[in-house]
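# Structure at a glance
So the chains spell out like this:
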Amino acid sequence: NAGVTQTPKFQVLKTGQSMTLQCAQDMNHNSMYWYRQDPGMGLRLIYYSASEGTTDKGEVPNGYNVSRLNKREFSLRLESAAPSQTSVYFCASSWGAVGNQPQHFGDGTRLSIL
Amino acid sequence: GESVGLHLPTLSVQEGDNSIINCAYSNSASDYFIWYKQESGKGPQFIIDIRSNMDKRQGQRVTVLLNKTVKHLSLQIAATQPGDSAVYFCADRGGSRDDKIIFGKGTRLHILP
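Below: a short report on this structure. (Residues numbered from 1 in each chain as written. Chains lettered and ligands numbered in written order. Predicted model: local features only at pLDDT ≥ 70, side-chain atom pairs only at ≥ 80, totals over all residues. Heavy atoms only, no water.)

### A closer look at the environment of B:Gly83
Residue and element names in this part refer to chain B.
- Looking at where Gly83 falls in the secondary structure, it is placed in the loop between strand E8 (72-77) and strand E9 (86-93).
- Gly83 gets classed as partly exposed once you look at its relative accessible area, which sits at 44%.
- In this structure the C-alpha to C-alpha distance between Gly83 and Pro113, which are 30 residues apart in sequence, comes to 12 Å.
- Setting aside residues up to four positions removed in sequence, Gly83 forms contacts with Lys37 and Glu39. (Helix = DSSP H or I, 4+ residues; strand = E, 2+ residues; numbered from the N terminus. Buried < 20%, exposed > 50% of the residue type's maximum accessible area, 1.4 Å probe, protein only. Contact = heavy atoms within 4.5 Å.)

Here you go:
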């Protein structure tokens, strides 16, 4: 049972390049989330998806797009990467409605934008 | 939701002692609280949660206490072990089933030998 799997684990991009971060969960969870974690800032919600086919903005959505491809997969896309998007990105999932149960996290994608 | 904060950024505890990590929240409507542990290079891991209709909840070596009067949450870890070294986050939900969970900035727990 892998839980939440994120790929890639590390990535370096140049400013202006595009990139898709992949996330898949095998726990049959309804809700999925993307967070970014910066030093001293805790985790901030970028986007979330309450169910297949639905997505909503979180606290810091600017510069990102998401796709809930099916119940298992939720991808995060940077269309034109900027240095301010250098961060560690975490995908998470939870059973049931958004925010009503604890989340299970992947181990993150460490992204550097030069 | 409103911000969730922590009293101390770093806590050093002797191995074998009990650890208490504190958290203050500002939204009086918050109804669901979670503690996560994050080890270096890993994602946050769920430890324990509590809903606002409870004051205390116990797990294996951990206890969460909720004081709604002063909007304070604490995580107690009994007989702290080296494996407890990590950053601990509290998080809360603002009081609606549709509200997202907001994370605090974290407290680093350092275990002294």
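### Thoughts on the pattern of salt bridges
- All told, the structure shown has seven salt bridges over all chains when counted by the stated rule.
- Where B:Arg93 meets B:Asp31, a salt bridge forms, and the shortest distance between an N and an O atom there is 2.9 Å. Note that B:Arg93 is positioned in strand E9 and B:Asp31 in the loop between strand E3 (19-25) and strand E4 (32-38), a separation of 62 residues in sequence.
- In this structure B:Asp31 comes out as buried when scored by relative accessible area, which is 19%.
- Shared partners join several salt bridges into a network, and the residues in it are A:Arg36, A:Asp38 and A:Arg44. (Salt bridge = Lys/Arg side-chain N within 4 Å of Asp/Glu carboxyl O.)

### Side note on the side chain of B:Ser74
- Within the fold, B:Ser74 resides in strand E8.
- When sequence neighbours within four positions are dropped, the list of residues in contact with B:Ser74 reads B:Ile20, B:Ile21, B:Asn22, B:Trp35, B:Thr63, B:Val64 and B:Leu65.

### Considerations on the sheet that holds strand E3 (residues 19-25) of chain A
Residues and elements named next belong to chain A.
- Ordered in space as E1-E3-E8-E7, the four strands form an open sheet in which the pairing is antiparallel. Among the strands making up the open sheet, the edge pair consists of strand E1 (4-7) and strand E7 (64-68). In this sheet, neighbouring strand axes are inclined to one another by 15 degrees on average, regardless of whether the strands run parallel or antiparallel. (Pairing = 2+ DSSP bridges. Axes fitted to C-alpha atoms, helices over the stretch in contact; angles between N-to-C directions.)

### Considering the interface of chain A and chain B
- Opposite the 20 residues of chain A that make contact, chain B presents 21 residues.
- Contact between chain A and chain B buries roughly 1,700 Å² in total, counting both sides, with carbon and sulfur atoms accounting for 53%.
- Broken down residue by residue, the surface that chain A buries against chain B is led by A:Leu43, A:Asn100 and A:Pro102, which jointly contribute 27%.
- For the interface between chain A and chain B, the tally reads zero salt bridges.
- At the boundary of chain A with chain B, the tally comes to seven residue pairs in polar contact (both at pLDDT 80 or more).
- The set of elements that each furnish at least two residues to the side of chain A that touches chain B consists of strand E4 (31-38) and strand E5 (42-49) of chain A.
- In terms of residue count, E5(A) provides more of the side of chain A that touches chain B than any other element does, four residues in total.
- Counted by class, the side of chain A that touches chain B contains nine nonpolar, eight polar and three charged residues. (Buried area = accessible area lost by both parts, 1.4 Å probe. Polar contact = N/O pair within 3.5 Å; in protein donor to acceptor, adjacent residues only side chain to side chain. Nonpolar A, V, L, I, M, F, W, Y, C, P; charged D, E, K, R; others polar.)

### Considering the state of the cysteines
Residue and element names in this part refer to chain B.
- With the rule as written, the count across this model stands at two disulfides over all chains.
- Residue pairing for Cys23: its cysteine sulfur links by disulfide to Cys90, the two sulfurs lying 1.8 Å apart. Residues Cys23 and Cys90 are joined through a disulfide that is right-handed, its torsion about the S-S bond being 55 degrees. On the criterion of sequence distance, the pair formed by Cys23 in strand E3 and Cys90 in strand E9 is long-range, its members being 67 residues apart. Cys90 carries the same exposure label as Cys23, and that label is buried. (Disulfide = S-S within 2.5 Å.)

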